[in-house]
Amino acid sequence: MLKEALVEAPARIRAVPTGGALGADIHGFDPAKLTDEAMETVRQALLDHLVIRIRDTNIDDEAFERFGARFGELLPSPDFTRSRPVYLENARYVTIISNVTEDGQPIGEHGDGELHWHTDLAFTDTPSALTMLLAREVPPSGGNTSFANMYSAYEVLPPETKARIARLRMKHQASHNAQGGRRPGYKDIETDDVREMPGPIHPIVRTHPLTGRKALYLGRRFGAYIPGLPLAQSEALCDELFATANDPARVWSQSWRVGDLVIWDNRCTMHRREAFTGQGRRRMHRLTTRGERPV
């Protein structure tokens, strides 16, 4: 039986670990009821477990937005990736992630293909801190989201690798999305040389601003480059680090149900979505909070 992390009264909230490498279910908490005690407990559970899930929620988009704002400043997508139709009129920070079309037009972003391992907004100078995803419609199968524990990925590295990457940095290409397509604003990019692709440069090892723990910080594999290394050495080291991070021993997968609200910390996790082409409608509502420049 899973060990339960019991929370003191009066909150009566329980964080029950998934039994995997990260993640916990939050019981006894209604995200529409924003008491300070409840929110503090949920924040701590997120720091402890990296990903938290609240099942069977019944919350409208305005309340979802108010709930998200309790975790920090809400963050819209960067201007060059923004598409107004994917935002809600009554909740201006909520983005629709969906494969649904209406009148021949998509109502959301990212379709039904695979989203490869990535960290949200790592391709910007100040990536997002948290992401929150609320399931409105889910297909009968497919579309699961997997999360990797980046604290663990760093901790299992050999001492010589830790020493090697301690001062190294990685470029996170900004021109292509997690499906490999070009982002708006980068349609004129012709090069496939990772050394020439645009993007910010972040430390490979970052320190979480709240926990003080070190984690690998990798973004997405496509276009990753470690400045200062010959290309072959950069590619080999990137392969090693990504393989370590995405090892199944450090991964937990979320199988979605309508009403699931999942929150994850981008500063110490990576995630991916499996494809669900032909499996049915999937509509998620997303919020992100502003982060800080990785150090």
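Here the residue numbers are simple positions, counted from 1 along each chain's written sequence. Residues qualify for local features only when their pLDDT is at least 70, as the model is predicted, and side-chain atom pairs are given and counted only at 80 or more; totals for whole chains, interfaces and linings, by contrast, use all residues. For side-chain calculations, the full set of non-hydrogen atoms in the structure is used, while hydrogens and water are omitted.

A. Geometry of the nonpolar core. Grouped together as the largest cluster of nonpolar side chains are 38 residues, with contacts concentrated most on Met150, Ile165, Ile204, Leu216 and Leu218. Every element with two or more residues in this core is listed here: β11 (130-137), β12 (145-149), α3 (150-155), β16 (214-216), α5 (231-245), β17 (251-254) and β18 (261-265). Contacts between residues were defined by any pair of non-hydrogen atoms, one from each residue, lying within 4.5 Å. Non-local contacts of Ile165, meaning those with residues more than four positions away in its chain, are made with Leu157, Ile204, Val205, Leu216, Leu237 and Leu241. Take the buried Ala, Val, Leu, Ile, Met, Phe, Trp, Tyr and Cys residues and link them wherever side-chain atoms come within 4.5 Å; each set so joined is a nonpolar core. Working definition: with a 1.4 Å probe on protein chains only, accessible area under 20% of the residue-type maximum means buried, over 50% means exposed, and in between means partly exposed. Ile13, Met39, Val94 and Leu261 belong to the second-largest nonpolar core, a separate cluster that totals 28 residues. Helix and strand assignments come from DSSP, with helices taken as H or I runs of at least 4 residues and strands as E runs of at least 2, each series counted from the N terminus.

B. Looking closely at the sheet that holds strand β10 (residues 115-118). In this scheme, strands are said to pair when DSSP sees at least two bridges between them. Ordered in space as β10-β19-β12-β17, the four strands form an open sheet in which the pairing is antiparallel. Sheet topology places β10 and β17 at the edges, where each strand pairs with a single neighbour. Across the sheet, the mean angle from the axis of one strand to that of its neighbour is 15 degrees, orientation sign disregarded. As judged from the five bridges shared by β12 and strand β19 (residues 269-273), these two strands associate in the antiparallel manner. Paired with Phe147 across the strands is His271, a residue of β19. Axis geometry follows a simple rule: fit a line to the C-alpha atoms, using only the stretch in contact for helices, then measure angles between N-to-C directions, giving values from 0 to 180 degrees.

C. Examining the confidence of the model for the protein chain more closely. Chain-level pLDDT for the protein chain is 89 on average; 88% of the residues reach the 70-or-more range. Values of pLDDT, which run from 0 to 100, indicate the predictor's confidence residue by residue. pLDDT under 50 marks residues 1-11. Its contacts with residues more than four places away, or in other chains, come to 17 contacts.

D. Quick look at the pattern of salt bridges. The salt bridge criterion pairs a side-chain nitrogen of Lys or Arg with a carboxyl oxygen of Asp or Glu, the two atoms within 4 Å. Inspection of every chain in the model, using the stated rule, returns 19 salt bridges. Glu137 is paired through a salt bridge with Arg283; the nearest N and O atoms lie 2.8 Å apart. Taken together, the positions of Glu137 in strand β11 and Arg283 in strand β20 (residues 283-288) put the pair 146 residues apart, joining distant regions of the chain. Glu137 gets classed as buried once you look at its relative accessible area, which sits at 18%. Sharing partners across several salt bridges, the network here consists of Arg206, Asp265, Arg267 and Glu292.

E. Fine view of helix α2 (residues 61-69). Listed as buried for α2 are Asp61, Ala63, Phe64, Glu65, Phe67 and Gly68. Where α2 begins, one side-chain oxygen reaches toward the backbone nitrogen of Glu62, 3.3 Å away; that side chain belongs to Asp60. The term polar contact refers here to a pair of N or O atoms within 3.5 Å; inside protein, the definition further demands a hydrogen-donor-capable atom paired with an acceptor-capable atom, and it admits residues adjacent in sequence only when both atoms are side-chain atoms.

F. Broad picture of α5. The length a helix should cover is 1.5 Å for every residue beyond the first. With 15 residues, α5 should cover 21 Å at 1.5 Å per step; its first-to-last C-alpha distance of 21 Å lies within 8% of that length. The inward-facing, buried residues of α5 contact β12, α3, α4 (159-165), β13 (169-171), β16 and β19.

G. A look at unusual backbone geometry. At Asp103, a residue that is not glycine, the phi angle is positive and equals roughly 55 degrees. Note that Asp103 resides in the loop between β7 (101-102) and β8 (105-106). By relative accessible area, which is 83% here, Asp103 ends up exposed. In this structure, His110 takes a positive phi of about 80 degrees despite not being glycine.

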